[in-house]
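# Examining the three-dimensional arrangement
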Amino acid sequence: SNQVNVKLVIYDILGRVIKVIVNGELKGGPYEASFNAASLSSGIYYYKLTASDFTKAMKMILIK
């Protein structure tokens, strides 16, 4: 399959970028991504996945 630009970004509750996890061209298929949240405080964060014309944002709750 063709490669598409994929971006996975974590935001804080104010919409500020916390971390860009993925930003590049990927072929179709399943992927896993992880990030170290040790430096973040407990609270609500959002992550947004964009791939070609697909975009999805979800809430994430970090509890320490």
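Let us look at the structure shown here. It should be emphasised that the depicted structure is a prediction, and the values quoted were computed from it without experimental measurement.

### Points about the environment of Ala51
When you line up the elements, Ala51 lands in strand S3 (residues 43-51). Separated by 23 residues in the primary sequence, Ala51 and Gly28 place their C-alpha atoms 9.8 Å from one another. Not counting residues within four places of it along the chain, the set of residues in contact with Ala51 comprises Asn5 and Val6.

### Observations regarding the pattern of salt bridges
Enumeration according to the criterion identifies one salt bridge in this entry. Across the pair Arg16 and Asp12 runs a salt bridge, and its minimum N-O distance is 2.6 Å. Residue class for Arg16 comes out exposed when judged on its relative accessible area of 52%.

### Considering the pairing of S3
Of the strand pairs in this sheet, strand S1 (residues 3-12) and S3 are connected by seven bridges, and their pairing is antiparallel. If you follow Val6 over to S3, its bridge partner there is Ala51. The pairing of S3 with strand S4 (residues 54-62) spans nine bridges and is classified as antiparallel. Within S4, the position partnered with Lys48 by the bridge is Ala57.

Conventions we followed
Each chain carries its own residue numbering, running from 1 in the direction its sequence is written. This being a predicted model, a pLDDT of at least 70 is required before a residue's local features are given, and a value of 80 or more before pairs of side-chain atoms are given or counted; all residues contribute to the totals for chains, interfaces and linings. Hydrogens and water molecules were not included; the side-chain quantities draw on all heavy atoms of the structure. Each helix corresponds to a stretch of at least 4 residues labelled H or I by DSSP, and each strand to a stretch of at least 2 residues labelled E; elements are numbered beginning at the N terminus. When checking whether two residues touch, look at their non-hydrogen atoms; a contact exists if any pair is within 4.5 Å. We define a salt bridge as a contact between a side-chain nitrogen of Lys or Arg and a carboxyl oxygen of Asp or Glu at a distance within 4 Å. Classification of residues uses two cut-offs on accessible area relative to the type maximum, computed with a 1.4 Å probe and protein chains only: under 20% is buried, over 50% is exposed, and between them is partly exposed. Think of it this way: DSSP has to see at least two bridges between two strands before they count as a pair.

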